[in-house]
Amino acid sequence: MGLAKRIIPCLDVKDGETVKGVNFVSLRSAGDPVELGKAYSQQGADELVFLDITASFEGRKTFTEMVTRVAQEINIPFTVGGGINELADVERLLYAGADKVSVNSAAIRRPELIEEITKRFGSQVCVVAIDARMDDEPSTLKAETSWHCYLKGGRERTERGLFEWAHEAQERGAGEILFTSMNHDGVKNGYANEALARLSDELSIPIIASGGAGCKEHFRDAFTVGHADAALAASVFHFGEIPIPELKQYLKNEGINVRL
């Protein structure tokens, strides 16, 4: 059966509350992150991800306090990200109780950060998050260049291609890749399974699928078609559209190895 596939609710945190948008914009409130995290833990989520999406100095203080509260309330692993630029940020969040950190913009700007984190804390602590958008229709010649990595919560395009950057992140010691397709984010039409399958087949570290969950079948497809190791979602969980126990039972019935 291999390792169990993981279901991971993601909580975007802004000014101490959970928010959710579509294609990275139009945010609406989804409740208290600590209470939501606790509820997901009780419902059978395998892990949680908390992202500080406005990591200004003040926001960081609020966010670190929230991480401490989360650690006291839940008993499953959780990852935190947003505004992590140096080892001091990683240290602060791990000491507050996080199990892993997710780095995105800072790692693209300074890839050595991945090595610094893994040398100090181990590769299992370092999740490299990649926000990528397919900007051009791929041709056989341009399969690589069609997916561009973006910085600053999807606001700034880089010339890094999704696949070459994911390879480099793995080589530098990343423990996991969290790939969010910006084209699919919040649209609920399914995950970017073709890109996921390529990442999963080419890399040896776990790939977390993000962006596009709208129904239970989309999770199944991320695992069967996209070969993802974990599937992350936000609004379908936050707004009660797909209860986690129901999702896991469905996946089990579809022959996918999940922890019930």
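These figures come from a predicted structure and were not determined experimentally.

Trainee: It is not clear to me how the overall build of the chain should be interpreted in this structure. Could you clarify?
Mentor: Scanning the chain from N- to C-terminus turns up ten helices and twelve strands. Rg of the C-alpha trace for the chain: 17 Å, near the compact-globule value of 18 Å for 260 residues, within the 12% margin. Along the three orthogonal principal directions, the C-alpha set of the chain runs to about 50 × 45 × 35 Å. Burial statistics for the chain: of 260 residues in total, 55% are counted as buried. Across the chain, every contact between residues at least 6 apart in sequence was considered, and the portion connecting residues at least 24 apart equals 64%. By element, 49% of the accessible surface of the chain is carried by carbon and sulfur atoms, the whole surface being about 11100 Å². Where the 29 positive side-chain charges of the chain centre and where its 39 negative ones centre are 2 Å apart.

Trainee: Hey, could you run me through the pairing of strand E1 (residues 6–14) in this one?
Mentor: Regular strands show a simple pattern: their side chains alternate between the two faces of the sheet. For E1, the tally of buried residues reaches eight of nine residues, placing the bulk of the element in the interior. Sheet topology places E1 next to strand E4 (residues 48–52); four bridges connect them, and they run parallel. Bridge pairing links Val 13 to Asp 52 in E4.

Trainee: Looking at this structure, how should I read the pairing of strand E8 (residues 147–151)?
Mentor: A large share of E8 lies buried, amounting to five of its five residues. Residues Trp 147, Cys 149 and Leu 151 line one face of E8 and the alternating positions His 148 and Tyr 150 line the opposite face, and both faces are buried. Here three bridges tie E8 to strand E9 (residues 156–161), and the two strands are oriented antiparallel to one another. The residue bridging Tyr 150 from the neighbouring strand is Arg 157, located in E9. Linking E8 back to E9 in an antiparallel pair, the connection comprises four residues, with Lys 152 at a positive phi of about 55°.

Trainee: For this particular structure, what's the right way to read empty space enclosed by the protein?
Mentor: Rolled over the atoms, a probe as big as a water molecule pinpoints where empty space is left. For the structure shown, the criterion picks out two cavities of 30 Å³ or more. Reported here for the largest cavity is a volume of approximately 40 Å³. Lining of the largest cavity is provided by Val 13, Asp 15, Gly 16, Asp 52, Thr 54, Gly 59, Thr 62 and Phe 63. Among the elements that make up the lining of the largest cavity, the one with the highest residue count is helix H2 (residues 57–73) (three residues). Residues of the lining of the largest cavity, tallied by class, amount to two nonpolar, four polar and two charged. Of the volumes computed, that of the second largest cavity is approximately 30 Å³.

Trainee: Is there a simple way to think about helix H1 (residues 33–43) in this case?
Mentor: Each α-helix winds once per 3.6 residues, and so residues spaced three or four apart point in a common direction. Those residues of H1 that fall on the buried side of the exposure criterion are Pro 33, Val 34, Leu 36, Gly 37, Tyr 40 and Ser 41. Buried residues along H1 cover an arc of 160° about the axis, so they all sit on one side. Looking one or two places after H1, you find Gly 44, whose phi comes out positive at around 105°.

Trainee: Explain unusual backbone geometry here, please?
Mentor: Excluding glycine, residues mostly carry a negative phi; peptide bonds, for their part, are mostly trans. The backbone phi angle of Asp 15 is positive, close to 50°, even though this residue is not glycine. Checked against the element boundaries, Asp 15 lands in the loop between E1 and strand E2 (17–22). Accessibility expressed as a relative area gives 62% for Asp 15, which makes it exposed. Not every positive phi belongs to a glycine, and His 227 is a case in point at roughly 55°. For His 227, the position within the fold is in the loop between helix H8 (216–224) and strand E12 (230–233).

Trainee: Sorry, what's going on with H8 here?
Mentor: Within the span of H8, buried status applies to His 218, Phe 219, Ala 222 and Phe 223. Around the axis of H8, the buried residues are gathered within 135° of arc, so they sit on the same side. Buried residues belonging to H8 abut E1, helix H7 (193–202), strand E11 (207–210), E12, helix H9 (235–238) and helix H10 (244–253).

Trainee: Teacher, can you tell me more about the pattern of salt bridges here?
Mentor: If the charged atoms of two oppositely charged side chains come close together, the side chains can form a pair. Evaluated as defined, the whole model comprises 26 salt bridges. Measuring nitrogen to oxygen at the nearest pair gives 3.4 Å for the salt bridge that ties Arg 92 to Asp 89. One end of the pair is Arg 92 and the other is Asp 89, both in helix H3 (residues 87–96) and three residues apart, which spans about a single turn. Of the charged contacts in the structure, one is a salt bridge between Glu 241 and Lys 188, with a shortest N-O distance of 2.7 Å. One end of the pair, Glu 241, is in the loop between H9 and H10; the other, Lys 188, is in the loop between strand E10 (176–181) and H7, and 53 residues separate them in sequence. The class of Glu 241 is partly exposed, set by a relative accessible area of 38%. Lys 188 sits in the partly exposed class, given a relative accessible area of 26%.

Definitions and limits used
- Residues numbered from 1 in each chain as written.
- Predicted model: local features only at pLDDT ≥ 70, side-chain atom pairs only at ≥ 80, totals over all residues.
- Heavy atoms only, no water.
- Helix = DSSP H or I, 4+ residues; strand = E, 2+ residues; numbered from the N terminus.
- Rg over C-alpha atoms; globule rule 2.2 N^0.38 Å.
- Buried < 20%, exposed > 50% of the residue type's maximum accessible area, 1.4 Å probe, protein only.
- Contact = heavy atoms within 4.5 Å.
- Areas by Shrake-Rupley, 256 points an atom, 1.4 Å probe, with all protein chains shown as cover.
- Lys, Arg positive; Asp, Glu negative; His and termini not counted.
- Charge placed at Lys NZ, Arg CZ, Asp CG, Glu CD.
- Pairing = 2+ DSSP bridges.
- 1 Å grid on protein atoms, 1.4 Å probe; cavity = no way out; pocket = protein on both sides within 12 Å on 5 of 7 lines; lining within 4 Å.
- Points joined across faces, edges and corners; volume = space filled by probe spheres on them.
- Nonpolar A, V, L, I, M, F, W, Y, C, P; charged D, E, K, R; others polar.
- Arc of directions from axis to C-beta.
- Salt bridge = Lys/Arg side-chain N within 4 Å of Asp/Glu carboxyl O.

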